[in-house]
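Here is what each chain is made of, one letter per residue.
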Amino acid sequence: MARYTGPKTKIARKFRDAIFGPDSTLEKKNYPPGMHGPNKRRGKQSEYATQLAEKQKAKYTYGILEKQFSNMFKKANAKSGITGEILLQLCESRLDNVVYRLGIAKTRDGARQLVSHKHITVNGQQVNIPSYSLRVGDVVAVREKSKSLPTITESLASNSSVFEWLDWDSSKMSGEFKAIPSRDQIPENIKEQLIVELYSK
């Protein structure tokens, strides 16, 4: 399996950012992993290394593979507007990400699994492709037979996040993709301009 399935805290520590959600270990050890711990002398990163790290961070955050991410950048670069912002908007428009943002799953990994296992519908039709790109007006819902799944009900019960570009109807267990989010509506701590500079070399 090409997707990363190793320790998530190790990756979060590498970027010194809780990219997979709240992490108590990261709070205690807010320094990169390694046998020498916080006392290791770390040289200044090159410009390329900084840009590469930001790309890796974005890929891990959204759970996107290298080829997929590269294709998304090409798509973003071909559109008119700010390339970095468009790239993040494409990431946010993925079905697995929207399922996560709506609170149907607690993590993007969990959202990806729900989509793959056909628990999610788009405009009333089953869609099992996590990378499916949503359009404004699309309605994402929990399949009727899956509405009582404990993993979904527990996630929805504990969700308190609200995003202006999404509209959730708890009675129907469905949400509308109302608009493409602007950069200030995307909470991820990603310096997208560094990614643009990396791909522009």
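Refer to the structure presented above.
Quantities reported herein were computed from a predicted structural model and do not represent experimental measurements. Positions within a chain are numbered from 1, following the residues in the order the chain's sequence is written. pLDDT decides what is reported in this predicted model: residues at 70 or higher carry local features, side-chain atom pairs at 80 or more are listed and counted, and totals for whole chains, interfaces and linings draw on all residues regardless. Processing note: side-chain calculations cover all non-hydrogen atoms of the structure and skip hydrogens and water entirely.

A.B. asks: I'd like to hear about the overall build of the protein, residue by residue, with values.
C.D. replies: Put simply, DSSP H or I for four residues or longer makes a helix, DSSP E for two residues or longer makes a strand, and each gets a number counted from the N terminus. Secondary structure summary: the protein contains nine helices and five strands in total. The order of α-helices and β-strands along the protein, N terminus first, is α-α-α-α-α-α-α-β-β-β-α-β-β-α. Only protein chains enter the accessibility calculation, which uses a 1.4 Å probe; a residue whose area is less than 20% of its type maximum is buried, one above 50% is exposed, and one in between is partly exposed. Counting the 201 residues in the protein, one finds 41% classified as buried. Across the protein, every contact between residues at least 6 apart in sequence was considered, and the portion connecting residues at least 24 apart equals 56%. The Shrake-Rupley method, run with a 1.4 Å probe, gives the accessible areas here. Residue values count only the displayed protein chains as cover. Of the accessible surface of the protein, which amounts to about 11600 Å², a share of 49% is contributed by carbon and sulfur atoms. Contact definition: two residues touch when any of their heavy atoms are within 4.5 Å.

A.B. asks: Describe the pairing of strand 3 (residues 139–142), naming the residues involved and giving the relevant values.
C.D. replies: Pairs of strands are assigned from DSSP output, requiring at least two bridges between the strands. Direction of pairing for strand 1 (residues 120–122) relative to strand 3: antiparallel, over a ladder of three bridges. Paired with V122 across the bridge in strand 3 is V140. Pairing of strand 3 with strand 5 (residues 174–177), which is carried by three bridges, proceeds in the antiparallel orientation. Each residue of the ladder has a partner; that of V139, found in strand 5, is E176.

A.B. asks: Can you explain the nonpolar core? Please cite residues and give values.
C.D. replies: L95, V98, V99, I104, I120 and V140 are the most contacted members of the largest nonpolar core, which totals 22 residues. At the level of secondary structure, the elements contributing two or more residues to this core comprise helix 6 (95–101), helix 7 (108–116), strand 1, strand 3 and helix 8 (150–158). Look past the residues within four positions of L95 in its chain and what remains in contact with it is V115, I120, V122, V127, I129, P130, Y132, L134 and V140. The nonpolar core is taken to be a set of buried Ala, Val, Leu, Ile, Met, Phe, Trp, Tyr and Cys residues, with the residues joined through side-chain atoms within 4.5 Å.

A.B. asks: Before we move on, can you summarise helix 9 (residues 192–199) with the specific residues and values?
C.D. replies: Of all the positions in helix 9, only E192, L194, I195, V196 and L198 are classed as buried. Elements that come into contact with the buried residues of helix 9 comprise helix 3 (47–62), helix 4 (66–78) and helix 5 (83–92).

A.B. asks: Would you mind going over the side chain of Q51 in detail, with residue names and values included?
C.D. replies: Inspection of the secondary structure assignment puts Q51 in helix 3. The buried category is assigned to Q51, whose relative accessible area is 2%. Ignoring anything within four residues of it in the chain, the contact list for Q51 reads L194, E197, L198 and K201.

A.B. asks: Give me the environment of V127: which residues, what numbers.
C.D. replies: Here V127 is to be found in the loop between strand 2 (125–126) and strand 3. For V127, a relative accessible area of 11% corresponds to the buried category. As a C-alpha pair, V127 and V115 span twelve residues in sequence and 6.8 Å in three-dimensional space. Among all residues touching V127, those that are not within four sequence positions of it are L95, V115, I120, V122 and Y132.

A.B. asks: Can you explain the packing of aromatic side chains? Please cite residues and give values.
C.D. replies: Between the rings of Phe, Tyr and Trp (Trp by its six-membered ring), a pair exists once the centres lie within 6.5 Å; its type follows the angle of the planes, with under 30 degrees stacked, over 60 edge-to-face, and the other angles tilted. This model, assessed by the stated rule, comprises four aromatic pairs. Ring geometry for F163 against W165: centres 5.9 Å apart, planes inclined by 55°, an arrangement best described as tilted. For the pair F163 and W165, a shared accessibility class is recorded, and that class is buried. Members of the aromatic cluster, connected to one another through ring pairs, are F69, F73 and Y199.

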